[in-house]
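Next come the chains, spelled out residue by residue.
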Amino acid sequence: MKIIPFSDLKDIINEGDVIALAALSTANLPAEILKTLVDQYDEHQTPKAFTFMLANDISDYRGDSYDLDSFVSRGMVKRLITSIITGSPKTINAMRNNDIEAYYVPQGVITTHYRSQTSASPGTITKIGLNTNVDSRYSGGKVNTRTTEDLVSLIEIKGETYLNYDFPEIDVALLRGTYADTEGNIYMTHEAHLGEGYSVAAATHKNKGKVIVQVKAVIQSGRFNPSDVFIPGKLVDYVVVNSNPKYHRQVVQTQYDPALSGHYQITEMREPYIALGTRKVILRRAAQYLLEGDVISIGFGINNELSNVLEEEQANHLVQTNIDTGVFGGLISSGNYFGMNYNLSARMRHELTWDFIYNDGIDVAFLSFAEVDQYGNVNVSKFGDKMNGCGGFIDISQSVKRIVFSASMVVGGQLNFVNGEAQVETQGKSPKFVKEVGNIDFNVENARKLAQEVYFVTERAVFELTDKGIKLIEIAPGLDLERDILANMEFQPIISDEINITQNDIYQKTWGGLSQVIKSEDRI
């Protein structure tokens, strides 16, 4: 391991390199390394033509740092391999305009594949992604027409069909830790997430690439417990020491909060409870599918606020929430507090969390949807002018037995909730229950093979996936079945012989009934 100044990076990172990062938004992002590369390009117009591999979007929401858009807007990126882009608008536009090659593949597959890049392994072979947009019989994860190389192919083993993901070898790993000791060992002492940096470093080292780690300081070897080493020094080539704290933020919202890295527990939530409205009503109804002791996977989108509802209802202790980044239990924040997770019961490396999910660690997944068709297929990644990607949606939805999909029923619909009833103020402009989805991220045939229990919860109605299709099982009190439900769907669902009316207490400003529901033996 060598400790080098940032200026030496110009002699290490070359034109056309495959670069891997292990960050989520600002967390674990080596922003000063990125700044150095961008400044070098601005002065010399090199290096460029990078391939970026990253499981999550790296986004500087504050506007005063460096992220994916900083590279893409300068034409420094040739190809992007990721799972989700939500906070990088220039990158999304570049993909839409065919300015760069781009792939969206499942987050868990990206995160765990680094361990498959060994001389003893044939690569990543998995059923994750079969019969979805990632499958080579569909788009193979290609985002646009400029993207032509196949990264995904079919393979048969013992009569079973799998997907073979063929990812490029890594030339440079750009990683971050809190400290490096004098032997090159990396510690994540102040980081909010552990990430997949260890596996990225190992895969890069195997390829004789360069592992570069940005840290806050270099400490004497032996100062910390050896069990706290995240990346052993053998895998680290270079260490650069951060000189400006702005480029080493723990999360977007704060430079450093020791509670986010588990050094103490807070006594109350830092974010306000959600106001009564469509999102809160949906989450309250969706939460009624929980059983005491459930381990929950919380997806990106509306369900990120589920922990907020659980905490308000004093039901958080009855279940264990999980985010696939490696966050277990505690208070999972949302909205402007997204990524600020407190009082965790466990933190795990990102790739190990996917091992946990793939090995039946999750009892129920709470996921969002953008479109649902008459068969039960779901689109979450590409709709209208949106090109968000699948994130961990495909991995999770093909790994659990019980799924609750949640979203508003109609785009642009407006409802009021008065005296325990729902009242439609605006019906909306376009339905989410469509004849055919534009992109398949959840395939109903997979669900049948896995014998999954699947529900779709909206503010107007609840649906269940059956062998014959989507079945309407419940409507909100105060709504008209024909006018407010069926007229806002492009297909006629199966209608239950006995349609239930949603219990009206969830439409009150204060509820207080969730704990009792979760503890009960009957599902509502």
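None of the values given here were measured: they were computed from a predicted structure.

### Notes on the overall build of the chain
- When helices and strands are counted, the chain shows twelve helices and 34 strands.
- A compact globule built from 524 residues would reach a C-alpha radius of gyration of about 24 Å, and the chain, at 23 Å, matches this within 12%.
- Dimensions of the chain along its principal axes, counting C-alpha atoms only, are 70 × 50 × 45 Å.
- Restricting to contacts in the chain with at least 6 residues of sequence separation, those with at least 24 account for 74%.
- Here the chain holds 48 positive side-chain charges and 66 negative ones, and the gap between their average locations is 3 Å.

### As for the side chain of R460
- Within the secondary structure, R460 is located in the loop between β31 (453–457) and β32 (461–466).
- According to the relative accessible area criterion, R460 is buried, its value standing at 1%.
- Engagement of the side chain of R460 in a polar contact is seen with the side chain of Q427, the distance being 2.7 Å.
- From its side chain, R460 meets the backbone oxygen of D484 in a polar contact 2.9 Å long.

### Comments concerning the nonpolar core
- Formed by 110 residues in total, the largest nonpolar core has its most connected members in F405, F456, F463 and I485.
- Of the residues forming this core, the biggest block, five residues, is contributed by helix α6 (residues 278–287).
- Leaving out residues up to four positions away in the same chain, F405 has contacts with L367, S368, F369, V378, F393, F442, V454, Y455, F456 and V457.

### A short note on the sheet that holds strand β10 (residues 179–181)
- Read from one edge to the other, the open sheet built from four strands follows the order β13-β10-β11-β14, with strand pairing classed as mixed. The strands lining the two open edges of the sheet, one partner per strand, are β13 (217–219) and β14 (229–231).

### Re the pairing of β31
- The buried count for β31 comes to four of five residues, which makes it a mostly enclosed element.
- Direction of pairing for strand β25 (residues 402–406) relative to β31: parallel, over a ladder of five bridges. Paired with R402 across the bridge in β31 is E453.
- With three bridges connecting them, β31 and β32 associate as antiparallel partners. By the bridge assignment for β32, F456 is matched with F463.

### A look at the packing of aromatic side chains
- Evaluation of the coordinates by the stated rule reveals 18 aromatic pairs.
- Between the aromatic rings of Y289 and Y455, the centroid separation amounts to 4.1 Å while the plane-to-plane angle is 20°, which identifies the pairing as stacked. On the criterion of sequence distance, the pair formed by Y289 in the loop between α6 and β16 (295–298) and Y455 in strand β31 is long-range, its members being 166 residues apart.
- On the basis of relative accessible area, Y289 is assigned to the buried category, the value being 5%.
- Judged by centre distance (5.6 Å) and plane angle (70°), the ring pair of F369 and F433 falls under edge-to-face.

### What to know about a nonpolar patch on the surface
- Together, M1, I3, V218 and V241 make up a nonpolar patch on the protein surface, roughly 280 Å² of accessible area in all.
- Inspection of the secondary structure puts M1 in the segment before β1 (2–3).

### With respect to the sheet that holds β25
- Sheet architecture is open: ten strands sit in the order β19-β18-β17-β16-β20-β25-β31-β32-β33-β34, paired in mixed fashion. Edge positions in the sheet fall to β19 (346–347) and β34 (494–501), since each of these pairs with one other strand and no more.
- When β16 meets strand β17 (residues 320–323), the two strands line up parallel, connected through three bridges. Bridge pairing links I296 to T321 in β17.
- Its contacts with the sheet place helix α8 (residues 350–358) against β16, β17 and β18 (327–328), and it is angled at close to 125° to β17.

### Re the environment of Y337
- Checked against the element boundaries, Y337 lands in the loop between β18 and β19.
- Accessibility expressed as a relative area gives 29% for Y337, which makes it partly exposed.
- Leaving out residues up to four positions away in the same chain, Y337 has contacts with Q253, R270, E271 and P272.

### Thoughts on the environment of L318
- Looking at the secondary structure, you find L318 in the loop between α7 (306–312) and β17.
- With a relative accessible area of 6%, L318 lands in the buried category.
- For the pair L318 and K246, spaced 72 residues apart in sequence, the C-alpha separation works out to 39 Å.
- The contacts of L318, once residues within four sequence positions are left out, are L291, E292, G293, D294, S515, I518 and K519.

### Some points on the pairing of β16
- Taking every second residue as pointing to the same face, both faces of β16 are buried, with V295 and S297 on one and I296 and I298 on the other.
- A crossover links β16 with its parallel partner β17, the connecting element being α7, and its sense is right-handed.
- As paired elements, β16 and strand β20 (residues 364–368) share three bridges and run parallel to each other. In the strand pairing of β20, S297 is matched with A365.

### What about the pattern of salt bridges?
- Applying the stated rule across the entire model yields 20 salt bridges.
- The closest approach of N and O atoms between R402 and D294, which form a salt bridge, is 3.0 Å. Of this pair, R402 sits in strand β25 while D294 sits in the loop between α6 and β16, and the two are 108 residues apart along the sequence. Neither residue differs from the other here; R402 and D294 are each classed as buried.
- We note a salt bridge from D484 to R483, for which the minimum N-O separation is 3.1 Å.
- Judged by its relative accessible area of 2%, D484 falls in the buried class.

### Re unusual backbone geometry
- For the bond running from T46 to P47, omega is 0°, close enough to zero to count as cis.
- Tracing the backbone shows P47 in the loop between α1 (31–44) and β3 (50–54).
- Unusually for a residue other than glycine, A451 sits at a positive phi of about 55°.
- For A451, the location among the structural elements is in the loop between α10 (444–449) and β31.
- Classification of A451 by relative accessible area gives exposed; the value is 62%.

Each value, and the rule that gives it
For every chain, the first residue of the written sequence is number 1, and numbering continues from 1 onward in sequence order. pLDDT decides what is reported in this predicted model: residues at 70 or higher carry local features, side-chain atom pairs at 80 or more are listed and counted, and totals for whole chains, interfaces and linings draw on all residues regardless. The side-chain numbers reported here are obtained from all heavy atoms of the structure, hydrogens and water having been left aside. Comment: elements are numbered from the N terminus, with helices defined as DSSP H or I runs of at least four residues and strands as E runs of at least two. We compute the radius of gyration from the C-alpha atoms alone; for a globule the expected value is 2.2 Å times N to the 0.38, where N is the number of residues. Only heavy atoms matter for contacts: two residues are in contact if any of them lie within 4.5 Å across the pair. By the counting scheme adopted, Arg and Lys are positive, Glu and Asp are negative, and His together with the chain ends is not counted. By convention, the point assigned to a charge is CZ for Arg, NZ for Lys, CD for Glu and CG for Asp. Each residue's exposure class comes from its accessible area (1.4 Å probe, protein chains only) as a fraction of the maximum for that residue type: buried when under 20%, exposed when over 50%, partly exposed otherwise. Any N or O atom pair separated by 3.5 Å or less is treated as a polar contact, with the protein-specific requirement of one donor-capable and one acceptor-capable atom, and with residues adjacent in sequence counted only for side-chain atom pairs. Nonpolar cores are built from buried Ala, Val, Leu, Ile, Met, Phe, Trp, Tyr and Cys residues. Side-chain atoms within 4.5 Å join them into one set. A strand pair is defined by DSSP finding two or more bridges across the two strands. Each pair of aromatic rings taken from Phe, Tyr and Trp, with Trp reduced to its six-membered ring, is defined by centres within 6.5 Å and is described as stacked if the planes are under 30 degrees apart, edge-to-face if over 60, and tilted in the remaining cases. Excluding any residue in a salt bridge, patches collect residues exceeding 30% relative accessible area, merging like charges within 9 Å and nonpolar Val, Leu, Ile, Met, Phe, Trp and Tyr side chains within 5 Å. Accessible surface is estimated by sampling points in the Shrake-Rupley manner with a 1.4 Å probe; for residues, cover comes only from the protein chains shown. Salt bridge criterion: a side-chain nitrogen from Lys or Arg within 4 Å of a carboxyl oxygen from Asp or Glu. Between the N-to-C directions of two axes lies an angle of 0 to 180 degrees, each axis being a line fitted to C-alpha atoms and, for a helix, fitted only over the stretch in contact. Look down the strands so they point away from you; if going from the first strand over the helix to the second traces a clockwise path, that crossover is right-handed.

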